[in-house]
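# Analysis of the macromolecular model
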Number of protein chains: 2
Amino acid sequence: MIDGTKRVMIENVAPQIACGEYPIKRAVGESVRISADIYADGHDELRAFLLHRKEGDAFFHETPMIPLENDRWTAEFQILEMVPYYYGVKAWVDRFKTWSRDMSGRIRAGQNISAALAEGARLVGEAATRASGADRESLLRSAATLEGTDPEEALSEALSSSLAEIMAKYGDLFPSRYEKELMVLVDPPRALFSTWYEFFPRSAASFGSRPRHGTFRDMEKLLPEIARMGFDVLYFPPIHPIGETHRKGKNNEPRCEAGDVGSPWAIGSESGGHKAVHPELGNLEEFRHLCAEAENLGLEIALDMAFQCSPDHPYVREHPEWFRRRADGSIQYAENPPKKYEDIYPFDFECEAWRELWEELRSVFLFWVEQGVRIFRVDNPHTKPVPFWRWVISEVKQRHPETIFLAEAFTRPKMMYGLAKAGFTQSYTYFTWRNTKKELTNYMTELVEEAPRDYFRPNFWPNTPDILPEFLQFGGRPAFIMRLVLAATLSSNYGIYGPAFELCENEARVGSEEYLNSEKYEIRPRNWNIEGNLKDFIARLNGIRRNNSALQTTWNLRFIKAENDFVIAYVKVSRDTENAVFTVVNLDPYNTQGAWITLPLEELELKEGRPFLIHDLLGDDKFIWHGGRNYVELNPRVLPARIFTLKKDLRKETDFDYFM
Amino acid sequence: MIDGTKRVMIENVAPQIACGEYPIKRAVGESVRISADIYADGHDELRAFLLHRKEGDAFFHETPMIPLENDRWTAEFQILEMVPYYYGVKAWVDRFKTWSRDMSGRIRAGQNISAALAEGARLVGEAATRASGADRESLLRSAATLEGTDPEEALSEALSSSLAEIMAKYGDLFPSRYEKELMVLVDPPRALFSTWYEFFPRSAASFGSRPRHGTFRDMEKLLPEIARMGFDVLYFPPIHPIGETHRKGKNNEPRCEAGDVGSPWAIGSESGGHKAVHPELGNLEEFRHLCAEAENLGLEIALDMAFQCSPDHPYVREHPEWFRRRADGSIQYAENPPKKYEDIYPFDFECEAWRELWEELRSVFLFWVEQGVRIFRVDNPHTKPVPFWRWVISEVKQRHPETIFLAEAFTRPKMMYGLAKAGFTQSYTYFTWRNTKKELTNYMTELVEEAPRDYFRPNFWPNTPDILPEFLQFGGRPAFIMRLVLAATLSSNYGIYGPAFELCENEARVGSEEYLNSEKYEIRPRNWNIEGNLKDFIARLNGIRRNNSALQTTWNLRFIKAENDFVIAYVKVSRDTENAVFTVVNLDPYNTQGAWITLPLEELELKEGRPFLIHDLLGDDKFIWHGGRNYVELNPRVLPARIFTLKKDLRKETDFDYFM
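These numbers come from a predicted model, not from an experiment.

Attention now moves to the sheet that holds strand β12 (residues 233-236) of chain B. All names here are of chain B. Strand order in this open sheet of 7 strands is β20-β19-β18-β13-β12-β11-β21, and the pairing throughout is parallel. Of all strands in the sheet, those with a lone pairing partner are β20 (426-427) and β21 (493-497), marking the two edges. Sheet topology note: the strand β18 (residues 375-379)/strand β19 (residues 404-408) ladder contains 5 bridges and is parallel. By the bridge assignment, V378 is partnered in β19 with A407. Lying on the sheet, helix α14 (residues 535-547) is in contact with β11 (194-198) and β21; it crosses β21 at an angle near 165°.

Quick look at the confidence of the model for chain A now. Residues and elements named next belong to chain A. On average, chain A scores 94 in pLDDT, and the residues at 70 or more come to 97%. Contacts from residues 653-660, a stretch scored under 50 in pLDDT, to residues over four places away or in other chains number 15 contacts. Of the two predicted TM-score estimates for the complex, the pTM is 0.94 and the ipTM is 0.93.

This paragraph deals with the packing of helix α9 (residues 354-370) of chain B against helix α10 (residues 386-399) of chain B. Residue and element names in this part refer to chain B. Closest axis-to-axis distance for the α9/α10 pair is 10 Å, and the angle between their directions is 35°. As for how α9 packs across α10, the hand of that crossing is right-handed. Contact residues: α9 offers W358, E359, L361, R362, F365, L366 and V369, while α10 offers P387, F388, W389, W391, V392, E395, V396 and R399. In terms of residue class, the contact of α9 with α10 is made up of 11 nonpolar, no polar and 4 charged.

Interfaces are often sized by the amount of accessible area the parts lose when they come together. Each partner contributes residues to the interface: chain A has 64 residues there, and chain B has 64 residues. Scanning the region where chain A abuts chain B turns up 12 salt bridges. Where R95 of chain A meets E350 of chain B, a salt bridge forms, and the shortest distance between an N and an O atom there is 2.4 Å. Inspection of the region where chain A meets chain B yields 20 residue pairs in polar contact (both at pLDDT 80 or more). Of all the secondary-structure elements, those providing two or more residues to the side of chain A that touches chain B are β1 (9-14), β3 (31-39), α1 (95-108), α2 (114-130), β15 (334-336), α9 (354-370), α10 (386-399) and α11 (413-421) of chain A. A total of 5 residues in the side of chain A that touches chain B trace back to one element, the largest contributor, which is α11 of chain A.

All names here are of chain B. Applying the stated criterion across every chain, the model contains 1 disulfide over all chains. Free cysteine: C256, not disulfide-bonded; nearest cysteine sulfur from C309 at 19 Å. Note on C256: relative accessible area 33%, which makes it partly exposed. Here C351 is not disulfide-linked; the sulfur of C309 is the nearest cysteine sulfur, at 12 Å. A residue is classified by how much of its surface remains accessible, and C351, at 6% relative accessible area, is buried.

Each value, and the rule that gives it
- Residues numbered from 1 in each chain as written.
- Chains lettered and ligands numbered in written order.
- Predicted model: local features only at pLDDT ≥ 70, side-chain atom pairs only at ≥ 80, totals over all residues.
- Heavy atoms only, no water.
- Pairing = 2+ DSSP bridges.
- Helix = DSSP H or I, 4+ residues; strand = E, 2+ residues; numbered from the N terminus.
- Contact = heavy atoms within 4.5 Å.
- Axes fitted to C-alpha atoms, helices over the stretch in contact; angles between N-to-C directions.
- pLDDT = per-residue confidence, 0-100.
- Left-handed = near helix turned anticlockwise from the far one by under 90°.
- Nonpolar A, V, L, I, M, F, W, Y, C, P; charged D, E, K, R; others polar.
- Salt bridge = Lys/Arg side-chain N within 4 Å of Asp/Glu carboxyl O.
- Polar contact = N/O pair within 3.5 Å; in protein donor to acceptor, adjacent residues only side chain to side chain.
- Disulfide = S-S within 2.5 Å.
- Buried < 20%, exposed > 50% of the residue type's maximum accessible area, 1.4 Å probe, protein only.

So this is what it looks like as structure tokens:
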């Protein structure tokens, strides 16, 4: 039989994912705002507390919740350490608070309050029996005053705030607890704010000399320039030995020619598999040295984990039971009939030895963690079972909570969200194909305001080695700038595949989104300093991200009115409101577009009619505006976007006289 | 360790209430449509089944689910018996279906299919080992044909639908099951479709003679007229002995005069409490006789359960521990400071003896069930703990699943919905105060399309003894007709407090929604046959409800466009589409209003430009319309509403020539 005295209902506690089946996610430094429906029978006053504790805490911290409309209550807590946090809610009927409220009603109505004072004395006296020390003494004195002979003194005591304060501590006679303890998976700050640069290390040999296979040592020479551009994650496609059987030729030709280097995703050869390094890149020691050099420059190396094998992978010989066999006894290569991928053997996750397979794949992650890698970009996770990812990510993060897993799942929405729920730290998105104002607004609204917000951290990529979208193919250099600014200001995590991006490479294989002469199948050293390259622009953009905390989260995005469908505008304000950034982007790479923009003055602590300074950090132009509605014009050949800051000290009224 | 071979994800199964904490509700005869997100890694074909069983079934019935958009699948099942039902979902990767799909791809691409045929033979052969009898023989023959020497025969076998059909039965190698088993609380049909008449039996004595206290025998004489009006539930305010201490006088005067009968909600006197009958009404035997007489006329008696006591209630003497005491030792009367209700002692649900109190109150319900009562209107449930209701309703319904509990909670939305979740079969609503088109549309949309749909069954009351709303006070007879038609056609459950309603009584105590000379405090025999009474109109309206199955559910409501804010229009179509009703109501009781109405022709199986007959069942007028957009004008003095039917046989094209 349930406890009949627990009258307070606590329902619909948010956020929670799939009834608490999955944890919500936060990065260190973020907060968790909880809300809940809390109500009870009758007209009594309630008190509600958000409970939270971090792993290892013996007790819950209690934060008073505040009632909003319609019996919804809210409170928040901060994530300070990189350990799991847990949260819940408790609430109770507060007899003393109810008594106080009723006392005021009685006094206003001019009723005799002696019986009520006696009742109050009883409540206070009972609380005293549950208190100790000074509180107890104080409560006993209050009770005596309430039933004392001096009615004025009694009344004053009844309404005193100090009595209310002490009574609040001893009011939880019959607390209701929300039945579930919900969990927060806490990731490192870089889970929320990261700037990725993808590069094929085999293209690292210096340009001009006869093309040769790049090495980790070559790569080290490029680090300073990548760091100067302001990236903090340097991500390599697979660095393992590449298979020779059915190796693909240039431009994905089914047959390769002598000297063709093959696709890094056809993993495994006589030289080893997922725990080995391609001999032409170098060795493990050189890789660790590269990681250390990168770290000195503020760059973290991310590795691609592609769980599939070339026919030459040692696993094929040592663990044939992990692969599916065809009727003729041969191992089943990858196919999506009628397409065949004979250079790739997928693992059979339905095989009887799936436990051993899972454990081996976990050991691959742990191996690279030992080499110093903390960030993994996972290739095609949507072709392996979700329960596997849930298990393996949890296993790795339990040992190394600082690890980050980026899901490269360009697939159906439910699967993309499912992988994020299962534990991926960041996710590729549909941003790559969202170009119009309506598309961008709808998609961002889904990501920022709807359920995915608590578990799906977008990482925006304008291009990847697999995708040169049409907008970049045909929009010229302005299109590259537009997409770059959008990625870098809409999402706090973004990345580019370079140097194809900063060199504005836009030649695709006809009728496809594939790069012509794709680096996936050949070595492509380049001249990084050609006319029109975006390196300095990228450096400035990433500098703006680094210096403006408002851009270091995705969750504060708010679209604002721009009276032109080719112009998109949005505001981000930092949590402490010190930093406010608003971005305006021309979405038309061919024509100058202008729009009246409406700023949310109140939110920015500005007043209509008072002048304020806005500073475009991209063009380094300053303007004085006088109200919420202003005109912005963007010429794509000059600068198709502006990123304005409103410095808080410049927003103070007293400072504006200077500009008047 | 979880099972790695279960690759199919089943998420977001709907409907479910608070993560399955509460059952969803259905009446016998309704269906349950389930939907779920179902997806797996890779590109394999999936198969999904809705599982359902009723209490006592050893096995689940399996209904194939159909994929909708975006990996959402759906299926439904029927509720046929008044026992709890349970539902879930299972799904698996269908290797044979995947193989068949791929086979078609290979054939289209002109590939060699011999290896694929061999793979198919293996799949079919494996399935044969899991089959028996004729299926097994058939599968073995198919496998032999697939790997036989005749390629044409093999191909034909591969694509045969009979093979696909048998293989579908043996494909669930690694089924995923949704982790929860969700429950349906099944109520009697009257839970969904009921027509209530509230009446004070003490006013049942015939009019004209000197007013005297009515009796159950008097009441019997009124039954035929109430039945003739088309009601099927006759609900009495409390019929128990009424307290004398602090008895209220007429018009809620704090002091009564000699002969005042008091409020029936001040329950309990020397004559007994909640299990006794007011001696002036009669005795238990007479009550049972009345119930039987009512039943003969298709009327079911509903009793009011008001869990509170007059100071004279035997409980006060026998169980003082169930009440709260004031500081001076006296029992605490009800109050909402500064208001006092000294004639009422509320139970203290936080008392130490709460278990005994709960059990006693359960015994009150069971007592009346034994007398033949199956329907309970519960007074002010929101002033007693929700967990109590959840327990007591479940306890009664386990023994008597045919019982119905109507919650009279006019309180905050979360509590109203909370009581419904906790088990109340029907609920009072805010309909009483929703008058404008926008108010009605918003409220109905919340009830019919949002979460409450699966647990909150509205019962619409245009008036109650406690509420004579302003719209009725000032809108005259047309207002009574409008509100009646709205209640009876928007909601399949509705009721009126009579004869105040059908006599269009609209005199309130000044500045309040209380009736003047309220029957709550005095006996009010009336002349039921005064000029302008609505008895015949009500009889016709309730007859329309009885004859049109489209009006016997609330969940099929669909608003349609009416180009005037004072005119509301909506369509209801029965599940079998045989019956379609559309209602148009003028919401302005003072002026004639007209509107262009747009009918959803396609849904009604009509065609633009083809004439069709519509029949207004209220005015018995017939019209021929030729398209979706038509003009309707409603004079409140004549008939402020129309209820049109479109008979399905009249909607058939061939029948229209008659009208052309």
